[in-house]
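In case you want the letters, here they are:
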Amino acid sequence: DAGVTQSPTHLIKTRGQHVTLRCSPISGHKSVSWYQQVLGQGPQFIFQYYEKEERGRGNFPDRFSARQFPNYSSELNVNALLLGDSALYLCASSVDRGVEAFFGQGTRLTVV
Amino acid sequence: GEDVEQSLFLSVREGDSSVINCTYTDSSSTYLYWYKQEPGAGLQLLTYIFSNMDMKQDQRLTVLLNKKDKHLSLRIADTQTGDSAIYFCAEVLYGGATNKLIFGTGTLLAVQP
């Protein structure tokens with residue numbers, strides 16, 4: 001049974017570039033959320049998508065955007081990268097909102 | 001405000017019990033979670049408790065909830081070296097059509113052989 005899969009696992013980008021991170025939820029899960037985890041801190045909520053619609057957005061700038069596709073997979077896009085965007089980006093999927101959320105292994109983004 | 005607090009570090013000997021504590025903020029939270037994160041890895045859901053419960057036991061894990069004090073704890077019985085990791089508690093905050101997990105800063109559990 002495949003869990004939440006994220007790609008790529010690691011990424012190095014230069015300031016000013018953009019990046020696209022991908023997430024495939026557990027089969028049957030319709031809700032995908034994105035979190036940013038800066039080193040030494042707990043994850044911070046970025047977005048939630050449910051049935052392909054954005055249902056919530058955290059306190060992140062407009063450089064961050066996301067979408068969910070008909071197969072419920074999701075992409076997180078970050079434009080004009082800053083050094084402070086370096087973090088582990090985690091995707092979580094759930095059957096519906098609010099119950100068990102299962103996380104992927106994350107994408108480690110380093111901005112140099 | 002959104003602020004979940006945890007102590008930063010806990011050291012125990014193998015075979016002892018570990019108790020990790022957490023204080024959350026939203027009394028309306030319906031679910032409270034414990035996640036485990038090993039080095040370089042994502043978050044593993046360990047257990048969760050519904051807010052109308054005081055206690056939940058799952059094998060070596062016991063979760064205690066004190067709603068009056070907004071205090072959550074995770075007890076790990078017979079702690080093993082493989083339990084060494086960072087443990088996060090999280091509460092669910094509902095706002096309109098969305099819900100989001102609010103995480104604490106994590107407690108690093110070090111198990112000494």
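Bear in mind the structure is a predicted one, so any value in this text is a computation, not a measurement. (Residues numbered from 1 in each chain as written. Chains lettered and ligands numbered in written order. Predicted model: local features only at pLDDT ≥ 70, side-chain atom pairs only at ≥ 80, totals over all residues. Heavy atoms only, no water.)

K.L.:
Got a minute to help me understand the overall build of chain A in this structure?
P.N.:
Tallying secondary structure elements over chain A gives zero helices and eleven strands in all. Listing each helix as α and each strand as β along chain A from the N terminus yields β-β-β-β-β-β-β-β-β-β-β. Seen through its C-alpha atoms, chain A measures out along the principal axes to roughly 35 × 25 × 25 Å. A burial count over chain A gives 50% of its 112 residues as buried. Taking as baseline every contact in chain A between residues at least 6 positions apart, the subset at least 24 positions apart corresponds to 51%. When the accessible surface of chain A is totalled, it reaches about 5,400 Å², and 48% of it is carbon and sulfur. Within chain A, one finds 11 positive and 9 negative side-chain charges whose respective centroids are separated by 7 Å. (Helix = DSSP H or I, 4+ residues; strand = E, 2+ residues; numbered from the N terminus. Buried < 20%, exposed > 50% of the residue type's maximum accessible area, 1.4 Å probe, protein only. Contact = heavy atoms within 4.5 Å. Areas by Shrake-Rupley, 256 points an atom, 1.4 Å probe, with all protein chains shown as cover. Lys, Arg positive; Asp, Glu negative; His and termini not counted. Charge placed at Lys NZ, Arg CZ, Asp CG, Glu CD.)

K.L.:
I tried to follow the interface of chain B and chain A on my own but got confused; where do I start?
P.N.:
In many analyses, interface size is given as the accessible surface area lost on bringing the parts together. On the chain A side, the residues contacting the 20 residues of chain B number 21 residues. The tally of links between chain B and chain A comes to three residue pairs in polar contact (both at pLDDT 80 or more). Breaking the side of chain B that touches chain A down by element, the ones donating at least two residues are strand S4 (31-37), strand S5 (43-50), strand S9 (85-95) and strand S10 (98-103) of chain B. If you tally residues by element for the side of chain B that touches chain A, the top one is S10 of chain B, at five residues. The class makeup of the residues in the side of chain B that touches chain A is 13 nonpolar, six polar and one charged. (Polar contact = N/O pair within 3.5 Å; in protein donor to acceptor, adjacent residues only side chain to side chain. Nonpolar A, V, L, I, M, F, W, Y, C, P; charged D, E, K, R; others polar.)

K.L.:
What am I meant to see in the sheet that holds strand S7 (residues 64-68) of chain A here?
P.N.:
Neighbouring strands of a sheet are bound in pairs by backbone hydrogen bonds; such pairs are parallel or else antiparallel. Residue and element names in this part refer to chain A. Pairing is antiparallel across the open sheet formed by four strands, whose spatial order is S1-S3-S8-S7. Where the open sheet ends on each side, the last strands, each with one partner, are strand S1 (5-7) and S7. The sheet shows a mean angle of 15° between the axes of neighbouring strands, taken without regard to direction. (Pairing = 2+ DSSP bridges. Axes fitted to C-alpha atoms, helices over the stretch in contact; angles between N-to-C directions.)

K.L.:
I would appreciate a short explanation of the state of the cysteines in the present structure.
P.N.:
Covalent bonding between the sulfur atoms of two cysteines defines a disulfide. Residues and elements named next belong to chain A. Under the definition given, this model contains two disulfides over all chains. Disulfide partner of Cys 23: Cys 91, at an S-S distance of 1.8 Å. On the sign convention where negative means left-handed, the S-S torsion of about -65° between Cys 23 and Cys 91 marks this disulfide as left-handed. Of this pair, Cys 23 sits in strand S3 (residues 19-24) while Cys 91 is found in strand S9 (residues 87-94), placing the two residues 68 residues apart along the sequence. For the pair formed by Cys 23 and Cys 91, the shared burial category is buried. (Disulfide = S-S within 2.5 Å.)

K.L.:
What is the right way to look at the side chain of Gln 6 of chain B in this model?
P.N.:
Residue and element names in this part refer to chain B. Position of Gln 6 relative to the elements: it lies in strand S1 (residues 5-6). In this structure the side chain of Gln 6 is engaged in a polar contact, spanning 2.8 Å, whose partner is the backbone oxygen of Tyr 87. Only 3.2 Å separates the side chain of Gln 6 from the backbone nitrogen of Gly 106, close enough to count as a polar contact. Setting aside chain neighbours within four positions, we find Gln 6 in contact with Ile 20, Asn 21, Cys 22, Trp 34, Tyr 87, Phe 88, Cys 89, Gly 104, Thr 105, Gly 106 and Thr 107.

K.L.:
Even after reading the chapter, I still don't get a nonpolar patch on the surface, so can you show me in this structure?
P.N.:
Nonpolar side chains collect at one region of the surface, where Leu 8, Phe 9, Ile 86 and Leu 108 of chain B lie side by side and expose about 380 Å² of accessible area between them. Position of Leu 8 of chain B relative to the elements: it lies in the loop between S1 and strand S2 (9-13). (Patch = residues over 30% accessible without salt bridge, like charges linked within 9 Å, V, L, I, M, F, W, Y side chains within 5 Å. Salt bridge = Lys/Arg side-chain N within 4 Å of Asp/Glu carboxyl O.)

K.L.:
Which parts of the structure should I look at to understand the pairing of S4 of chain B?
P.N.:
Regular strands have side chains that alternate between both faces of the sheet. Residue and element names in this part refer to chain B. Counting buried positions along S4 yields seven of seven residues, so the element is predominantly enclosed. Residue alternation in S4 divides its side chains into two sets, Tyr 31, Tyr 33, Tyr 35 and Gln 37 and Leu 32, Trp 34 and Lys 36, and both sets are buried. Looking at chain direction, S4 and S5 are connected through seven bridges and run antiparallel. The partner of Tyr 31 across the bridge, within S5, is Phe 50. Hairpin connection from S4 to S5: five residues lie between these consecutive antiparallel strands, with Gly 40 at a positive phi of about 70°. Where S4 lies against S9, six bridges are found, and the strand directions are antiparallel. Considered in S9, the bridge of Leu 32 is made with Glu 91.

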